[in-house]
Structures are given as C-alpha cells and as structure tokens.
Amino acid sequence: MDSPKFAQFNITSTPYKFVNSEEIPAHVLIPKELQSGPRPLLIHFHGGFLITGHALFPDWAAQWSIEYAIKHSAIIIAPNYRLFPESNGVEILSDVRDFWTWVENSLPTYLKSIGSNVVPDLTKVLSYGESAGGYLAIQSGLMRPDLVKAIIAAYPMTYIDSPWYCVASDNKAPMGAPQMPKSLFEEHVAALAKGAIFTGAFPPERMGLSLSTLQHGMFTLLGNEDEIYPTKVLAKISKDTKVPYFFTFHGEQDSAVPCEETVKFVEAWKGKFGGENVVGTFVKGDHGFDSEDRLDSEWLKPGLEGVTKAWLA
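Residues numbered from 1 in each chain as written. Predicted model: local features only at pLDDT ≥ 70, side-chain atom pairs only at ≥ 80, totals over all residues. Heavy atoms only, no water.

## Remarks on the pairing of strand E7 (residues 245–251)
What counts, and what does not: For the exposure calls, accessible area comes from a 1.4 Å probe over protein chains only, and a residue counts as buried if that area is under 20% of its type's maximum, exposed if over 50%, partly exposed in between. For the purposes of this entry, the term helix denotes a DSSP run of H or I that reaches at least four residues, the term strand denotes a run of E that reaches at least two, and both are numbered from the N terminus. Here a strand pair is declared whenever DSSP counts at least two bridges between the two strands.
Where burial is concerned, most of E7 is hidden: 7 out of the 7 residues are buried. Of the two faces of E7, the one lined by Tyr245, Phe247, Phe249 and Gly251 and the one lined by Phe246, Thr248 and His250 are each fully buried. One ladder, built from 5 bridges, connects strand E6 (residues 150–154) with E7; its direction is parallel. Directly across from Ala150, in E7, lies its bridge partner Tyr245.

## Thoughts on the confidence of the model for the chain
Short version of the rule: How sure the predictor is of each residue is captured by pLDDT, a score from 0 to 100.
Taken as a whole, the chain shows an average pLDDT of 97; of its residues, 100% reach a score of 70 or greater. Considering each helix and strand of the chain separately, the mean pLDDT is smallest for helix H8 (residues 230–236), with a value of 95, and largest for E6, with 99.

## What to know about the sheet that holds E6
Sheet strands associate in pairs through backbone hydrogen bonding, adopting either a parallel or an antiparallel arrangement. The cut-off we apply is this: A fitted line through C-alpha atoms represents every axis, and for helices the fit uses only the stretch in contact; the resulting angles, taken between N-to-C directions, go from 0 to 180 degrees. The contact definition used throughout considers only heavy atoms, calling two residues in contact when any of these lie within 4.5 Å.
The strand order across the open sheet formed by 8 strands is E1-E2-E4-E3-E5-E6-E7-E8, and the pairing between neighbours is mixed. If you trace the sheet from one side to the other, it starts and ends with strand E1 (9–19) and strand E8 (278–283), each paired once. Averaged over all pairs of adjacent strands, the angle between strand axes in this sheet comes to 20°, irrespective of strand direction. Looking at chain direction, strand E5 (residues 118–130) and E6 are connected through 5 bridges and run parallel. Directly across from Gly129, in E6, lies its bridge partner Ala153. Along the sheet, helix H2 (residues 89–105) makes contact with E1, strand E2 (22–31), strand E3 (37–45), strand E4 (75–79) and E5, crossing E1 at roughly 120°.

## A word on the nonpolar core
What counts here: Residues belong to a common nonpolar core when they are buried Ala, Val, Leu, Ile, Met, Phe, Trp, Tyr or Cys residues joined through side-chain atoms within 4.5 Å.
Counting 65 residues, the largest nonpolar core has Ile77, Phe99, Trp102 and Trp269 as the members making the most contacts within it. Sort the elements by how many residues they give to this core and H2 lands first, with 7 residues. Phe6, Ala154, Phe247 and Leu304 belong to the second-largest nonpolar core, a separate cluster that totals 31 residues.

## Quick word on the packing of H2 against helix H4 (residues 132–143)
In plain terms, the rule: Note on angle classes: values under 35 degrees are labelled roughly parallel, values over 145 roughly antiparallel, values of 65 to 115 roughly perpendicular, and the remainder oblique. A clockwise turn of the near helix away from the far one marks a right-handed crossing, whereas an anticlockwise turn of less than a right angle marks a left-handed crossing. Amino acids are sorted into nonpolar (Ala, Val, Leu, Ile, Met, Phe, Trp, Tyr, Cys and Pro), charged (Asp, Glu, Lys and Arg) and polar (every other residue, Gly among them).
At their nearest, the axes of H2 and H4 sit 11 Å apart, and the two run at 60° to each other. Judged on the interaxial angle alone, H4 and H2 are oblique. The element H2 and its partner H4 pack so that their crossing is right-handed. Where H2 abuts H4, its residues Ile92, Leu93, Val96, Arg97 and Trp100 lie against Tyr135, Leu136, Gln139, Ser140 and Met143. When grouped by side-chain class, the residues that make up the contact of H2 with H4 number 7 nonpolar, 2 polar and 1 charged.

Right, here's the structure in full:
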C-alpha cells in the first residue's frame, strides 16, 4: 500500500477464513520502529454502509487513529468481511466472530511465520471502526467482552432497523450525493451468481449501490435476526456483564448516518450498564469529519483518556 498514511507500517495480509473457496483477508500493520515483545492490538473495521469499503482504503484511515496506534506501539489488524447484498447480516457477523477467533488462536503463529519478533498482547485489545465499521466495533465488544477492553465507534450505524435505513425517501443525500434509482440495487441483486460473495471495494466502487440501498430502504434485507441489531443485543445481555469501555463520537450535521441515533444509543448503553464507562462526544461536522484530525485535537481527549486506561491497563 503506497499511501503516505501507511508509510510507518510494514503491511502483510493473510486469510482468516474461506467462504466458497474464496479467502477473506486480515491485514496486519506493524509499525516499522516497533520493538520486539508483547504489543497491544488495535482492531480496525472499515466503513462503507456494509456495502463498500476496504480495510486498506487510506481515505477512511483517520489520521488521529494512525497516530494513536504509533504512540502506543500497537499492531493494527484490519479485516475485510463479506458485504451486503451478496451476504446478509448474520453472515457478516459470522465473519466478525470468526475473525476474533483467528486473532485469539492464530495471530501469534502468523506473526512468527512472517519473521516478526512482536507478540500480540491479547489482554490489551481495542475495537475501533467508523460508520459501518463503528457498528461492527460495537458488535465486537458485545460479542467478545471477554477479549475486547475498549470500543471506539466513529459515527456508527446503530439503529439499522430505523426508517433512515428501511423506508424509501428522497431526503437522503449523504455528502450531497444525488438520488439513485432503485433499479440499481434490484439489477445488482438479480445478477448475482449463487454463492457469490464480495469482500472489499475501494470507493467510489459500489458507492452508487450504497446510495440506492439507503435511499430506497433496502437494509430490511439484511435480515430480521435479533443479533444483527445492537439495541436488541443490549436488551438480551445481562446488566452485570463487564462490557468494554465505550467511546463514540458523531458529527451533528452528519448527512449519511443520523447523529441523533448515536445520541439515543449512548443513552440506551447508559440505561443498561450505567454511565461510568461510556463517553459520547458530539461536535460540529458531517460524516467523516475526523479524517484529517490529529491526535492532539481537543475534542478527542475526554474519550481517549478513558479508552487508553481501559485498553492498556
């Protein structure tokens, strides 16, 4: 990867699972100056409405997150995963679940196999993602609270069963995007070969498909299983569960993912687990407002202070 954002890392890739004989890769980013020994893990799930995006798409690697990993000598692990509509919500989450199993059981061996002297410290694991990746970061923390110590969810998709995702409307224009025809989604689905999967795209590839899906309320096809929807997972989990520290932030003018839904989700989290280990930060900005922000940005400090303590304690 030639992007200057990744210039401080050695990057390798390896499959963490296979579906229909097609590999689904995890990308391992090790800081070039990293010393040998145990190192914390920063797991990054990419965004893209669960429809587009790629773990190594540099435009969605926020500058502050790169600096955060470097500051704390962390290994970044960035998985791809199956995308919608080729795959449904349960299948996407099964990839996430299998990825965590791979991290736990196979990552140490993989690092040895590539000649690395660093060792993953599985007691220091942070789950981070933006937009759809924020959704997967949250789901990861609820799925594996025994492993994940902290969550950072940037402008996450949360209420995916809300009208924003499930009701057609001509009032959805993420970042000023035009209205796309429903036929774009329908024709894409009709042309899919049986068993076909798709695991990554560098935007603008599939952005039109993402818009058509959102604008015509087609997220209903993700599935109706409770495990797909974070608030339904919250409802089932015991209030006594030791969940990860949770930091989420959102731009108040977000035109792609409603900020008010993140505000609502933070309140649901507090109602379930209390307010001691959750920070919601809401600032001026549209979707992806943090892309070039630096680690010393004032708005980040309150949330990251708690994350760092929980992650690295």
